[in-house]
Number of protein chains: 2
Amino acid sequence: MSGRPREFKNTEVIDAAMDVFWKNGFEASSAQKLCEQTGLGRGSLYNAFGSKHALFEASLKRYQEIGIQEQIKILEQPGPIKGRLRILMEWAIEFDLKGPERRGCFTVNSAVELGGKDPGVAALVDHHIKNLEQALCHVMALGQRSGEIKSKRPALELARLFLSSYYGLRVLNKVVQDRNLLLDVVEGTLAAL
Amino acid sequence: MSGRPREFKNTEVIDAAMDVFWKNGFEASSAQKLCEQTGLGRGSLYNAFGSKHALFEASLKRYQEIGIQEQIKILEQPGPIKGRLRILMEWAIEFDLKGPERRGCFTVNSAVELGGKDPGVAALVDHHIKNLEQALCHVMALGQRSGEIKSKRPALELARLFLSSYYGLRVLNKVVQDRNLLLDVVEGTLAAL
DNA sequence: TTCATTTTGTAATGATCATTAAATAAAGTG
DNA sequence: CACTTTATTTAATGATCATTACAAAATGAA
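- For chain A, an unreviewed UniProt entry supplies the name TetR family transcriptional regulator and the organism Shimazuella alba.

Quick word on the interface of chain B and chain A
Link 1 in the chain: Each side of the interface is counted separately: chain B has 45 residues, and chain A has 45 residues.
Link 2 in the chain: Sorting the residues of the side of chain B that touches chain A by element identifies α6 (106-114), α7 (119-146), α8 (155-175) and α9 (179-191) of chain B as the ones contributing at least two each.
Link 3 in the chain: The element contributing the most residues to the side of chain B that touches chain A is α8(B), with 15 residues.
Link 4 in the chain: For the side of chain B that touches chain A, the residue count by class is 21 nonpolar, 11 polar and 13 charged.

Remarks on the nonpolar core
Link 1 in the chain: Counting 108 residues, the largest nonpolar core has A:Val171, A:Leu172, B:Val171 and B:Leu172 as its most contacted members.
Link 2 in the chain: What A:Val171 contacts, discounting residues up to four positions off in sequence, is A:Val108, B:Val108, B:Ala111, B:Val112, B:Tyr167 and B:Val171.

So, the UniProt feature "DNA-binding region" (unreviewed entry) in chain A
Link 1 in the chain: Mapped onto this structure's residue numbering, the UniProt feature "DNA-binding region" (unreviewed entry) falls at residues 30-49 of chain A.
Link 2 in the chain: Structurally, residues 30-49 of chain A comprises 80% helix and 0% strand, and the distance from its first C-alpha atom to its last is 15 Å.

Structural notes on helix α9 (residues 179-191) of chain A
Link 1 in the chain: Over its 13 residues, α9(A) extends 18 Å from the first C-alpha to the last, a length consistent with the 18 Å expected when each residue adds 1.5 Å.
Link 2 in the chain: Here α9(A) has its buried residues at A:Leu181, A:Leu182, A:Asp184, A:Val185, A:Val186, A:Gly188 and A:Thr189.
Link 3 in the chain: Looking at the buried residues of α9(A), the elements they touch are α5 (81-97) and α8 (155-175) of chain A together with α8 of chain B.

Details of the relation of the copies chain B and chain A
Link 1 in the chain: Note on the identical chains: chain B maps onto chain A by a rotation of 180 degrees and an axial translation of 0.0 Å, with an RMSD of 0.0 Å. Viewed as a symmetry operation, the transformation between the two copies matches a two-fold axis.
Link 2 in the chain: Mapped onto chain A, 100% of the interface residues of chain B again fall at the interface, so both copies present the same surface.

Things to note about the protein's contact with DNA strand C
Link 1 in the chain: Neighbouring residues of DNA strand C: 29 residues in total, closest A:Ser30, B:Gly3, B:Arg4, B:Gly43 and B:Ser44.
Link 2 in the chain: In terms of residue count, the dominant contributor to the surface near DNA strand C is helix α3 (residues 42-49) of chain B (5 residues).
Link 3 in the chain: Residues belonging to the surface near DNA strand C are distributed by class as follows: 8 nonpolar, 14 polar and 7 charged.

Observations regarding α7(B)
Link 1 in the chain: Given a rise of 1.5 Å per residue, 28 residues ought to cover 40 Å, and the 40 Å separating the end C-alpha atoms of α7(B) matches this to within 8%.
Link 2 in the chain: Taken together, the buried positions of α7(B) are B:Val121, B:Ala122, B:Leu124, B:Val125, B:His128, B:Ile129, B:Leu132, B:Leu136, B:Val139, B:Met140 and B:Gly143.
Link 3 in the chain: Summarising the contacts, the buried residues of α7(B) are in contact with α8 of chain A together with α4 (52-75), α5 (81-97), α6 and α8 of chain B.
Link 4 in the chain: Just past α7(B), the residue B:Gly147 takes up positive phi, approximately 85 degrees.

So, the protein's contact with DNA strand D
Link 1 in the chain: Every one of the 28 residues lining DNA strand D counts as a neighbour, but A:Gly3, A:Arg4, A:Gly43, A:Ser44 and B:Ser30 are closest to it.
Link 2 in the chain: Those elements that provide at least two residues to the surface near DNA strand D are α3 (42-49) of chain A together with α2 (31-38), α3 and α4 of chain B.
Link 3 in the chain: Counting residues per element, the surface near DNA strand D draws most heavily on α3(A), which supplies 5 residues.

Quick word on the UniProt feature "domain: HTH tetR-type" (unreviewed entry) in chain A
Link 1 in the chain: Residues given the UniProt feature "domain: HTH tetR-type" (unreviewed entry) here are residues 7-67 of chain A.
Link 2 in the chain: The span residues 7-67 of chain A is 77% helical and 0% strand by assignment, and the distance between its end C-alpha atoms comes to 28 Å.

Remarks on the environment of A:Ala92
Residues and elements named next belong to chain A.
Link 1 in the chain: As for its placement among the helices and strands, Ala92 is situated in helix α5.
Link 2 in the chain: When the 21 C-beta atoms within 10 Å are taken as the criterion, Ala92 is described as buried.
Link 3 in the chain: As a C-alpha pair, Ala92 and Gly104 span 12 residues in sequence and 8.6 Å in three-dimensional space.
Link 4 in the chain: Setting aside residues no more than four positions away along its own chain, Ala92 makes contact with Tyr166, Leu169 and Arg170.

Notes on the environment of B:Leu163
All names here are of chain B.
Link 1 in the chain: Its location among the elements puts Leu163 in helix α8.
Link 2 in the chain: C-alpha separation for the pair Leu163 and Val112, spaced 51 residues apart in sequence, amounts to 16 Å.
Link 3 in the chain: Those residues in contact with Leu163, other than ones at most four positions away along the chain, are Leu132, Glu133 and Leu136.

Examining the packing of α5(B) against α9(B)
Residue and element names in this part refer to chain B.
Link 1 in the chain: Interhelical geometry of α5 versus α9 gives an angle of 160 degrees and a closest axis separation of 10 Å. As summarised for this structure, α5 and α9 are arranged roughly antiparallel, according to the angle between their axes. Crossing angle aside, the handedness with which α5 passes α9 is right-handed. The segment α5 lies against α9, with Lys82, Leu85, Arg86, Met89, Glu90 and Ile93 engaging Leu182, Val186, Thr189 and Leu190.
Link 2 in the chain: For the contact of α5 with α9, the residue count by class is 6 nonpolar, 1 polar and 3 charged.

What counts and what doesn't
Residues numbered from 1 in each chain as written. Chains lettered and ligands numbered in written order. Predicted model: local features only at pLDDT ≥ 70, side-chain atom pairs only at ≥ 80, totals over all residues. Contact = placed C-beta atoms within 7 Å. Helix = DSSP H or I, 4+ residues; strand = E, 2+ residues; numbered from the N terminus. Nonpolar A, V, L, I, M, F, W, Y, C, P; charged D, E, K, R; others polar. Core = buried A, V, L, I, M, F, W, Y, C linked by C-beta atoms within 7 Å. Buried ≥ 20, exposed ≤ 12 C-beta atoms within 10 Å, placed from the backbone. UniProt positions renumbered as here; feature names shortened; annotations may be inferred. Expected span 1.5 Å × (residues − 1). Least-squares fit on C-alpha atoms with pLDDT ≥ 70 in both. Near = placed C-beta within 6 Å. Axes fitted to C-alpha atoms, helices over the stretch in contact; angles between N-to-C directions. Parallel < 35°, antiparallel > 145°, perpendicular 65-115°, else oblique. Left-handed = near helix turned anticlockwise from the far one by under 90°.

Here's what the structure looks like:
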């Protein structure tokens with residue numbers, strides 16, 4: 001039944017692979033680098049995951065699971081609604097600018113690199129976006145009821161405005177030198193709600 | 001003095017190369033593909049441009065030159081300010097979704113793929129963003145003076161809000177199936193101004 | 001025509017690419 | 001113990017990578 005036991009935990013390998021894909025993107029991540037970072041030999045890696053692409057999808061999935069948890073935690077913490085949304089955007093700025101190379105958001109990176117030609121990745125990102133949209137829509141509705149958020153526009157539209165501005169911010173984080181630009185995006189977005 | 005004459009026009013080669021980089025990204029664009037699409041042999045390509053990276057930067061530069069022209073033309077055409085901003089966003093949606101694979105915006109693609117690790121590309125994108133920001137700020141100020149745009153917030157902040165939402169839209173264009181989401185981004189952004 | 005100069009086409013460079021094959025090792029089961 | 005099963009290690013696969021070397025070709029100048 002059960003032959004030689006695995007010498008690694010699946011999640012740990014995926015975490016290490018995630019780091020590689022996140023930093024380099026899919027194309028620029030070689031099997032070599034993946035093996036080095038995960039500590040597995042080629043054989044083990046391919047035996048466990050099948051292909052570079054499958055490992056990439058597993059990595060992206062895991063990143064999104066962790067990410068949506070963090071984001072929802074921020075969105076549902078106590079305190080003023082706009083304060084939560086501000087924390088979310090400021091957290092994204094710190095997160096994306098952390099480290100010498102700006103890795104940005106792995107979801108955005110994947111959407112832009114592969115979303116246009118890889119249906120599997122596109123579906124993964126689309127699904128994740130829907131989750132975030134839903135969480136945002138929920139807090140927008142909450143804010144509208146309490147009067148913290150303008151009620152002139154539907155909550156869903158406000159959620160989608162925030163969503164696009166939020167992802168745009170994460171693109172800007174990759175290249176913009178002027179931090180005031182990023183902070184103005186935060187101020188402008190919150191003032192619009 | 002002047003040896004054998006070149007058999008191609010620089011700009012035509014760059015246009016062809018731009019198509020390859022745009023569709024595939026930097027890493028996934030091979031010298032092979034570049035030669036096929038430009039019609040040049042390897043020798044000629046490298047003699048003329050030096051490296052794949054240099055050709056990439058030339059392509060991105062050219063894309064941005066064309067792009068900023070189109071964008072400014074839209075922003076400075078006659079008619080209501082918000083109408084122009086709407087046209088800009090709707091044009092981006094059509095532009096990015098055109099064709100079977102969604103190539104998106106070459107500037108965004110480059111920012112996300114290379115912006116975090118390639119200072120040359122990051123500077124190119126940063127500069128282009130500043131140009132667009134300036135053009136946006138100009139029309140925002142115009143709209144504020146005419147009463148078409150709210151004056152509660154500084155024009156620069158509104159420009160930056162639009163900028164981030166605009167780039168976010170171009171990320172979403174890559175993966176989102178639900179066109180209503182994209183249209184809500186347009187409505188929401190315009191309503192915020 | 002001869003020379004210097006530049007471009008072009010082709011072939012080759014060595015490196016690296018993702019993936020697989022085969023031998024070895026470690027476990028449970030009988 | 002022998003046997004099946006699964007994992008690991010290592011070496012090898014053929015393809016493709018960006019780049020260069022070099023000889024042939026095309027120009028203007030002398």
